[in-house]
Amino acid sequence: MTSNTKFQFTPTEIFSRSNESQIYAIVIAIITILISIVFFAIWKRSRSVKNCILITGLCDSGKTLIYSHLLHSKYVGTHTSIKENIGDYVVKNRALRLIDIPGHERLRGRYIDAYKGLARGVIFVVDSVTLQKEIRDAAEFLYTLLLDPVLLKAKPQLLILCNKQDQTMAKAANVVKSLLEKELNVLKVTKTNQLTSIEGSSSAAYLGSAGKDFNFTQSTIPVDFAECCAFRKDENTEPELKVSQNGLKALFE
């Protein structure tokens, strides 16, 4: 005699099992959403951490030799006229990203715009020998940095590094500072007058304090000066870097 065994569930049991499955599905969905939120927060934080040091300035000011020396004291062949150079600089078990910005006026703005939101510091390299000939270009470039809305909000440390101090005709940091302040003041007056005439208002943005000659103590972005010499005797010699007044300390600590 054969018997057929049938499994039957009451309506209550069917509803209970269905309800249990729905609860599991909801719990899994909530866990998935929470994990996604956590990972997104971590990703967003890693994107927003300001761990970049931008090395910028005019062409031939010595930016790339400074960059090369800071990265393992090794010279790196670069194409500064085409793209940026990026490397990690480790200090006190923390990695900072050094970004050597091309000095050409047609390129530097694009790369600064790309990285300025992540900048914890900016090194503005000046050729202390040729500055007087290039004072207008250097001041124009510096003017745009000092009034950049992103940098004004973030207030990264700005170090003006007076390079090539090993050369006889190099100007000391206090002379470089004075030359830049005078030229920036000329730009301040000129550009403020231009904006006022265009907008028909005297409330146009300007550098420093109203009614006063510009000096770096008026800058919203903190500015320091230091002297240095970055040089390379020949192709077989590694670059050397000497910085006075512990100029890089404030940026890297």
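The rules behind each value
Residues numbered from 1 in each chain as written. Predicted model: local features only at pLDDT ≥ 70, side-chain atom pairs only at ≥ 80, totals over all residues. Heavy atoms only, no water. UniProt positions renumbered as here; feature names shortened; annotations may be inferred. Helix = DSSP H or I, 4+ residues; strand = E, 2+ residues; numbered from the N terminus. Buried < 20%, exposed > 50% of the residue type's maximum accessible area, 1.4 Å probe, protein only. Contact = heavy atoms within 4.5 Å. Areas by Shrake-Rupley, 256 points an atom, 1.4 Å probe, with all protein chains shown as cover. Arc of directions from axis to C-beta. Lys, Arg positive; Asp, Glu negative; His and termini not counted. Salt bridge = Lys/Arg side-chain N within 4 Å of Asp/Glu carboxyl O.

Where an unreviewed UniProt entry is consulted, the protein appears under the name Signal recognition particle receptor subunit beta, with the organism given as Nilaparvata lugens. Quoted verbatim from the Sequence similarities (unreviewed entry) field of the UniProt record, the comment on the protein reads "Belongs to the SRP receptor beta subunit family." Taken directly from UniProt, the Subcellular location (unreviewed entry) text for the protein runs: "Endoplasmic reticulum membrane".

K.L.:
Would you mind going over the overall build of the protein in detail, with residue names and values included?
P.N.:
Per the secondary structure count, the protein includes seven helices and seven strands. Of the regular secondary structure in the protein, the N- to C-terminal order runs α-β-α-β-β-α-β-α-α-β-α-β-β-α. The 253 residues of the protein split such that 38% are buried. For the protein, long-range pairs separated by at least 24 residues make up 71% of all intrachain contacts whose partners lie at least 6 apart in sequence. Accessible surface, the protein: about 15600 Å² in total, of which carbon and sulfur atoms supply 54%.

K.L.:
Let's hear about helix α3 (residues 108-115): which residues, and what values?
P.N.:
For α3, every residue scored as buried is listed here: Arg108, Tyr111, Ile112 and Tyr115. Along the axis of α3, the buried positions cluster into a sector of 100°, meaning they face one direction only. The outward face of α3, more than 90 degrees from its buried face, is lined by the exposed residues Arg110 and Ala114. Those residues of α3 that are buried are in contact with β1 (52-57), β2 (85-91), β3 (94-100), β4 (119-127) and α4 (131-146).

K.L.:
Just give me the short version of unusual backbone geometry, but keep the residues and values in it.
P.N.:
The phi angle at Asp60 is positive, at roughly 65°, despite the residue not being glycine. Among the secondary structure elements, Asp60 is positioned in the loop between β1 and α2 (63-70). Despite not being glycine, Lys164 shows a phi value in the positive range, around 65°.

K.L.:
With reference to specific residues and values, describe the side chain of Glu84.
P.N.:
Tracing the chain through its elements places Glu84 in the loop between α2 and β2. The charged side chain of Glu84 is buried without a salt bridge, its nearest counter-charge being Lys83 at 5.1 Å. With sequence-adjacent residues up to four places away left out, Glu84 is seen in contact with Ile99, Asp100, Pro102, Tyr111 and Tyr115.

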